Amino acid sequence: MRPRASLSRSAKLIAGLLPAALLVLVFTVPVLAQSVTPEAFPGTPTATATPTGPTPTPTVTRTPTVTPSPTPTFTALQARLALGQAYTKGGDYGKAAEIFSAVALEDSGNAEALAGLDAALQGQAAATATAAALPSTAEATATPAPTGPTFAGTVLDSVRTLGAIALILLAVVLLLYLLAKGLRWLLCWLREIWFTRFRKPPMEPGLLIGELTDATGEEGSPACRAVAQALTEQLVTWNSAVQAALQKPVQVDGLDRPGLAWLRALWDQVFPPRRAYRLTGALSGKQPGPYRLSLDRLDLRSNRVDASRTFESSAETLAQALRELGMTAAFWARDPTGMEATPGMLEMPARALGLTGAARTGSQPTPAQISNEVLKLLGQVRAQVKLASVDYSSAPHVLEEAQAMVEQLPAASKLRADLQSATDDLWRQVQPGRIGR
């Protein structure tokens, strides 16, 4: 009975393994069939089947496998030597020298380390010599580092800006000054043409009494004011008696005040100056000596002195001397050239030495005294004509007396010509049918 039992166990084991073997065979056969078809390896060359008979058998060609080359490996010493050579080729001779010197100390007699050290030292020496030979080129190629604004630079820029603005303003002021001067000259020229060519008779410039300096040495002396008063009265008498319609006394301008001096200076740069003469001078002398008046006539149109004269009076009293000086200077101020060219026109009354009172004064009147008396007579008649209240009974006698005095003046004197013209004009107004001599 025991052999039959063992046989049945083996049969059962075989019967159990048989299905497993069949399953393995079923799954293995398709896989082996796929491995021999071309589609199993799309990246490899396909096998070419050569038909030898009715059923071709495929031949499989194996793809050769690339055998990798062996990778070289460096030792630590070789790696350091290679690094030193790389530094040498790159121009970093300092690091290359350090590496080669360290290798030479560790491996005594290493020829490659010694050769590399020598090459690194030579390259370093050559680079140093080149840098020392071309310092200017290195400085020229060096880019300056940008710096921020400094205080000195800011001040310098401000000064330059202010200087440019000042130059521009100066140019503008200069241009305005030249334009003002040109306009001033044009206006002055046109005014002179009008007064001298289109006015009949031509109008002469007026007279302005300027500053008189007191050089008598007497404190608080009214001598200068007295001379200025005598000059003014004589000129006003002349204007009212001879040419009241042609020449008027010049008044002091309001712009001549001290506080408006800057406005006067600006005004004079644009508008023409006044058409007048300014009389300035100095009074000197003391008793018992003579008194002297030094007078200058300044032409305001050109701001130049066109005439100068010194007058002298030896009158007994200061008041008399000042009246004589003022009267004579007034006639001279009207026509300096004509008065100086006519002998005796500017003489003062002669006085005998050693006499007093009326006996000291000479009996012969001077041309200035004669002219002063004629002006007084003509002024009386001129005032009657202006007021339209002429005394026809006495006016002719006054004019005859004035005519007799005019004939005593020198014939070549312009003063006589002016007085004669005024006398004839009054004769025509007092007696229309009378022809003046």
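Everything below is about the structure shown above.
So, here's what we can say about the structure. (Residues numbered from 1 in each chain as written. Predicted model: local features only at pLDDT ≥ 70, side-chain atom pairs only at ≥ 80, totals over all residues. Heavy atoms only, no water.)

Some details on the overall build of the protein
What counts, and what does not: Numbering of helices and strands runs from the N terminus; a helix is a DSSP stretch of H or I covering at least four residues, while a strand is a stretch of E covering at least two. Think of it in three bands: residues with accessible area under 20% of the maximum for their type are buried, residues over 50% are exposed, and the middle band is partly exposed, with areas taken using a 1.4 Å probe on protein chains only. It only takes one pair of heavy atoms within 4.5 Å for two residues to be counted as in contact.
On a plain count of helices and strands, the protein comes out with 13 helices and four strands. The 437 residues of the protein split such that 28% are buried. Put simply, of all contacts in the protein between residues at least 6 apart along the chain, 59% involve residues at least 24 apart.

Remarks on the side chain of Arg382
Heads up, the rule is: What qualifies as a polar contact is a pair of N or O atoms within 3.5 Å, subject to a donor-acceptor requirement within protein and to the restriction that residues adjacent in sequence count only when both atoms come from side chains.
Looking at the secondary structure, you find Arg382 in helix 11 (residues 367-386). Of note is the side chain of Arg382, whose polar atom sits 3.1 Å from the backbone oxygen of Ala241. Once residues lying within four places of it in the same chain are set aside, the contact partners of Arg382 are Ser240, Ala241, Val242, Ala422, Asp425, Leu426 and Gln429.

Notes on the sheet that holds strand 4 (residues 304-313)
As a reminder, the rule being used: Strands are labelled as partners when DSSP assigns at least two bridges between them. To obtain each axis, a line is fitted to C-alpha atoms, and for helices this fit is confined to the stretch in contact; angles are then taken between N-to-C directions over 0 to 180 degrees.
The strand order across the open sheet built from four strands is 1-2-3-4, with neighbouring strands paired in mixed fashion. In this open sheet, the two edge strands, each paired with only one partner strand, are strand 1 (206-215) and strand 4. Strand-to-strand twist of the sheet, defined as the mean angle between neighbouring strand axes without regard to direction, takes the value 20°. Inspection of the sheet shows strand 2 (residues 276-284) paired to strand 3 (residues 291-299) by eight bridges, in the antiparallel sense. Opposite Thr280, over in strand 3, you have Asp296 as the bridge partner.

What about a nonpolar patch on the surface?
As a reminder, the rule being used: Patches in this entry comprise residues that are over 30% relatively accessible and not in a salt bridge; like charges within 9 Å are linked, as are nonpolar side chains (Val, Leu, Ile, Met, Phe, Trp, Tyr) within 5 Å. Methods summary: accessible areas were calculated by the Shrake-Rupley approach with a probe of 1.4 Å, and residue burial reflects only the protein chains presented. Definition used for salt bridges: Asp or Glu carboxyl oxygen within 4 Å of a side-chain nitrogen of Lys or Arg.
Together, Leu183, Trp185, Leu186, Leu187, Trp189, Leu190, Trp267 and Phe271 make up an exposed nonpolar region whose accessible area comes to about 790 Å². No other element matches helix 6 (residues 151-198), which puts six residues into the nonpolar patch. Secondary-structure assignment places Leu186 in helix 6. Judged by relative accessible area, which is 35%, Leu186 ranks as partly exposed.

Considering the packing of helix 9 (residues 318-334) against helix 11
For clarity, the cut-off: For this classification, under 35 degrees means roughly parallel, over 145 means roughly antiparallel, 65 to 115 means roughly perpendicular, and everything else is oblique. Only Asp, Glu, Lys and Arg are considered charged in this grouping, and only Ala, Val, Leu, Ile, Met, Phe, Trp, Tyr, Cys and Pro are considered nonpolar; every other residue, Gly among them, is considered polar.
At their nearest, the axes of helix 9 and helix 11 sit 10 Å apart, and the two run at 85° to each other. When the axis of helix 9 is compared with that of helix 11, the two are roughly perpendicular. On helix 11, the residues that touch Met327, Thr328 and Phe331 of helix 9 are Ala368, Gln369, Ser371, Asn372 and Leu375. The residue inventory of the contact of helix 9 with helix 11, partitioned by class, reads four nonpolar, four polar and no charged.

Structural notes on helix 12 (residues 395-406)
Since the α-helix turns once every 3.6 residues, residues separated by three or four places project in the same direction. Selection criterion: Helices are assigned an expected span. That span is 1.5 Å times one less than the residue count. The directions considered for the arc run from the helix axis to the C-beta atoms.
Taking 1.5 Å as the rise per residue, helix 12 with twelve residues should run 16 Å; its terminal C-alpha atoms sit 16 Å apart, in good agreement. For helix 12, every residue scored as buried is listed here: Ala395, Pro396, Val398, Leu399, Ala402, Gln403 and Val406. Down the axis, helix 12 shows its buried residues gathered within 155° of arc, on one side only.

Describing the side chain of Ser313
Locating Ser313 in the fold gives a position in strand 4. Accessibility expressed as a relative area gives 1% for Ser313, which makes it buried. Setting aside anything within four residues of it in sequence, one finds Ser313 in contact with Pro290, Tyr291, Ala321, Glu324 and Leu325.

Side note on the pattern of salt bridges
Enumeration according to the criterion identifies eleven salt bridges in this entry. Between Glu312 and Arg292 there is a salt bridge, with its nearest N and O atoms 3.5 Å apart. Taken together, the residues Glu312 in strand 4 and Arg292 in strand 3 connect sequence positions 20 residues apart. Since its relative accessible area comes to 41%, Glu312 is described here as partly exposed.

As for unusual backbone geometry
Even without being a glycine, Asn303 presents a positive backbone phi close to 60°. Structurally, Asn303 can be placed in the loop between strand 3 and strand 4.

A short note on the environment of Arg275
Turning to its location among the elements, Arg275 is positioned in the loop between helix 8 (261-270) and strand 2. Arg275 gets classed as buried once you look at its relative accessible area, which sits at 12%. As a C-alpha pair, Arg275 and Arg191 span 84 residues in sequence and 9.0 Å in three-dimensional space. Look past the residues within four positions of Arg275 in its chain and what remains in contact with it is Arg191, Glu192, Phe195, Thr196, Met203, Glu204, Pro205, Gly206 and Arg301.

Some remarks on the packing of helix 3 (residues 93-106) against helix 4 (residues 111-133)
As a reminder of what qualifies: Definitions for this section: a left-handed crossing has its near helix turned counterclockwise from the far helix by less than a right angle. A right-handed crossing has that turn clockwise.
Packing of helix 3 against helix 4 leaves a shortest axis separation of 8 Å and a crossing angle of 155°. Regarding the angle of helix 3 to helix 4, the classification is roughly antiparallel. Handedness of the crossing formed by helix 3 with helix 4: left-handed. Where helix 3 abuts helix 4, its residues Tyr93, Ala96, Ala97, Phe100, Ser101, Val103 and Ala104 lie against Glu112, Ala113, Leu114, Gly116, Leu117, Ala120, Leu121, Gly123, Gln124 and Ala127.

Things to note about the environment of Asp214
Position of Asp214 among the secondary structure elements: in strand 1. Residue Asp214 is classed as partly exposed on the basis of its relative accessible area of 30%. If near-sequence neighbours (up to four positions away) are discounted, Asp214 is found in contact with Ser221, Cys224 and Leu283.

Details of the pairing of strand 2
Strand direction decides the pairing type here: strand 1 and strand 2, joined by eight bridges, are parallel. Bridge pairing in strand 2 links Ala215 to Ser284. Between strand 2 and strand 3, which pair antiparallel and follow one another directly, the connecting turn spans six residues, one of which, Gly285, has a positive phi of 110°.

With respect to the nonpolar core
The nonpolar side chains of a soluble globular protein tend to be buried with one another. Put simply, the rule is: To qualify as a nonpolar core, a set must consist of buried Ala, Val, Leu, Ile, Met, Phe, Trp, Tyr and Cys residues joined through side-chain atoms within 4.5 Å.
Counting residues in hydrophobic clusters, the biggest one holds 53 residues, and the most contacted among them are Leu283, Phe311, Phe331, Trp332, Leu378 and Leu419. Element by element, the count of residues in this core is highest for helix 9, at nine residues. If near-sequence neighbours (up to four positions away) are discounted, Phe311 is found in contact with Tyr291, Arg292, Leu293, Leu295, Leu325, Thr328, Ala329, Trp332, Leu346 and Met348. Phe100, Ala104, Ala113 and Leu117 belong to the second largest nonpolar core, which has nine residues in total.

Concerning the pairing of strand 4
Here strand 3 runs beside strand 4; their pairing, made up of nine bridges, is antiparallel. Considered in strand 4, the bridge of Arg297 is made with Ala307. Once strand 3 ends, the chain turns through four residues before running back antiparallel as strand 4, passing Asn303 with a positive phi of about 60°.

As far as function goes, none of this settles anything; it's purely spatial.
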